[in-house]
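Commentary on secondary and tertiary structure
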Amino acid sequence: MSTDVVSISYQTLVSSPLSLETSIEEAFGSHPQALGIILVKDLPPIYPIYRERLLKLAYNFAHLDEHVREKYVDPGSIYSYGWSHGKEIMNGRPDTLKGSYYANPVIDVPDVNPAVKAAYPPIYGDNVWPDKNEIGIEGFEEAFKNLGRFVFDVGCQLAGACQPFVSKYLTDVSLSVPELISTQTAKARLLHYFPPSENSPTIEDGPIDSWCGFHKDHSLLTGLCSAIFLREEAGTDPTAVPSPSPTSGLYIRTRGGDLTKVSIPSDCLAFQTGEALELVTAGKLRATPHCVRVGQTQVGAKISRETFALFMQPDTHQRISENDTFGSFSKKVLEEHYEEARVI
């Protein structure tokens, strides 16, 4: 099943955000057809340049020698900063199908109380950046920050536009979505989905969540870039190719439970709702369940998927439900996905 995604113009978002309440309710509301995702189109022309630059660097980083990649792993943050591969538990087993690079694109070193920082290393860690002269990924830090800050700024604009709609459902009427979003806890994830193994060719009726298991983000809002697919070419740079299958890509369950494939145009950003928003509205606005499917690919075709997500989140002390602050809730989520988090 395919459902049209609600889209809004960036120009309208900036010049007349309060006029978008109807569109936002259509995208994020609780009616059965709501997807919990919205597209922002007509973005400034710098956006596709930022996107293409960083997503190609995701491929390059994933193809560095393992000993080089391991220099940028941060076990102390429960693999929540720097490079991470095979550490996250998805569908009950270590996820080796994708590699991730995590960082806060807005600030490098969180400005929080040292005791708070020590209590929440996955949230208030310091960024880990590759050496500026690391061959093959020159400009990585700059490219990551350029795209991440762009997405964060658009997301903050969207949060302001969401306030009239969301305020109807907040359990604490003193809260506002823009004020809930913290620069200190912003977290971006650059993702490289490895090509399917030649020993395990994909089939068209394979599992829907074959590349990334069904889950909900625990953010307030998550910004998403359109993915690019790259074919590995021996001895040359990878080639950008169309999606390897009509069934490859992002899938979402609507509020009514229907499964639908969602396409994000390359010149648009998407934003979807997370569990923190669901909790601050006592379940009235729900988080968006989603997954990524490989789809059928040609045997031997080494086609990877590169994309980028930005999680917009509260500070750890912020109460988001009767029983949880964002900090205590995040610890529970991490314990579900990382064995190392269970001993903190």
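Refer to the structure presented above.
In this report, the structure presented in the accompanying data block is examined. These figures come from a predicted structure and were not determined experimentally. (Residues numbered from 1 in each chain as written. Predicted model: local features only at pLDDT ≥ 70, side-chain atom pairs only at ≥ 80, totals over all residues. Heavy atoms only, no water.)

In terms of regular secondary structure, the protein chain is built from 9 helices and 16 strands. For the protein chain, buried positions account for 55% of its 344 residues. At a minimum sequence separation of 6, the contacts of the protein chain that also span at least 24 residues come to 77%. Surface accessibility of the protein chain: about 14900 Å² in total, with carbon and sulfur atoms responsible for 51%. (Helix = DSSP H or I, 4+ residues; strand = E, 2+ residues; numbered from the N terminus. Buried < 20%, exposed > 50% of the residue type's maximum accessible area, 1.4 Å probe, protein only. Contact = heavy atoms within 4.5 Å. Areas by Shrake-Rupley, 256 points an atom, 1.4 Å probe, with all protein chains shown as cover.)

Positionally, Leu 175 belongs in the loop between α6 (140-166) and α7 (177-180). Counting along the chain gives 12 residues from Leu 175 to Gln 163, while the straight-line C-alpha distance between them is 9.5 Å. Dropping the residues within four chain positions of it, Leu 175 is found in contact with Gln 163, Leu 170, Leu 180 and Gln 318.

Let's shift gears to the pattern of salt bridges. Under the defined criterion, the tally for this structure stands at 9 salt bridges. For Glu 52, the salt bridge goes to Lys 56, with nearest N and O atoms at 2.8 Å. Taken together, the residues Glu 52 and Lys 56, both in helix α3 (residues 46-62) and 4 residues apart, mark about one turn of the helix. Judged by its relative accessible area of 41%, Glu 52 is partly exposed. (Salt bridge = Lys/Arg side-chain N within 4 Å of Asp/Glu carboxyl O.)

Residue position: Asp 315 is located in the loop between β16 (303-312) and α9 (326-337). Put simply, Asp 315 is tucked away with no salt bridge, and the nearest opposite charge, on Lys 187, sits 12 Å away. For Asp 315, the side chain forms a polar contact with the side chain of Tyr 124, separated by 3.1 Å. If near-sequence neighbours (up to four positions away) are discounted, Asp 315 is found in contact with Tyr 124, Leu 180, Ser 182, Gln 184, Thr 185 and Phe 326. (Lys, Arg positive; Asp, Glu negative; His and termini not counted. Polar contact = N/O pair within 3.5 Å; in protein donor to acceptor, adjacent residues only side chain to side chain.)

Between the first and last C-alpha of α9 there are 17 Å, a value that for 12 residues agrees with the 16 Å anticipated at 1.5 Å per step. Every buried residue belonging to α9 is among Phe 326, Gly 327, Phe 329, Ser 330, Val 333, Leu 334 and His 337, and all of these are buried. Taken around the axis of α9, the buried residues stretch over an arc of 160°, which confines them to a single face. (Expected span 1.5 Å × (residues − 1). Arc of directions from axis to C-beta.)

Two quantities define a packed helix pair, namely the angle between the helix axes and the distance between the axes. Orientation of helix α2 (residues 21-28) relative to α6, taken along the N-to-C sense of each, is 85°, at an axis distance of 9 Å. The angle between α2 and α6 falls in the class roughly perpendicular. When α2 is examined against α6, the residues Glu 21, Ile 24, Glu 25 and Phe 28 are found in contact with a partner set consisting of Leu 158, Ala 161, Cys 162, Pro 164 and Phe 165. Its residues placed into classes, the contact of α2 with α6 shows 7 nonpolar, no polar and 2 charged. (Axes fitted to C-alpha atoms, helices over the stretch in contact; angles between N-to-C directions. Parallel < 35°, antiparallel > 145°, perpendicular 65-115°, else oblique. Nonpolar A, V, L, I, M, F, W, Y, C, P; charged D, E, K, R; others polar.)

We describe a pair of aromatic rings using the distance from one ring centre to the other and the angle between the two ring planes. According to the stated counting rule, one finds 13 aromatic pairs in the structure shown. With a centroid separation of 5.1 Å and an interplanar angle of 75°, the aromatic rings of Phe 61 and Tyr 101 are classed as edge-to-face. Of this pair, Phe 61 sits in helix α3 while Tyr 101 is found in strand β6 (residues 98-103), placing the two residues 40 residues apart along the sequence. The same class applies to Phe 61 and to Tyr 101, which are both buried. The aromatic ring of Tyr 193 is capped on one face by Arg 305, whose charged end is 5.0 Å from the ring centroid. Against the face of Tyr 120 rests Lys 331, its NZ or CZ located 4.8 Å from the ring centre. (Phe/Tyr/Trp six-rings, centres within 6.5 Å; stacked < 30°, edge-to-face > 60°. Lys NZ or Arg CZ within 6 Å of the ring centre and 35° of its normal.)

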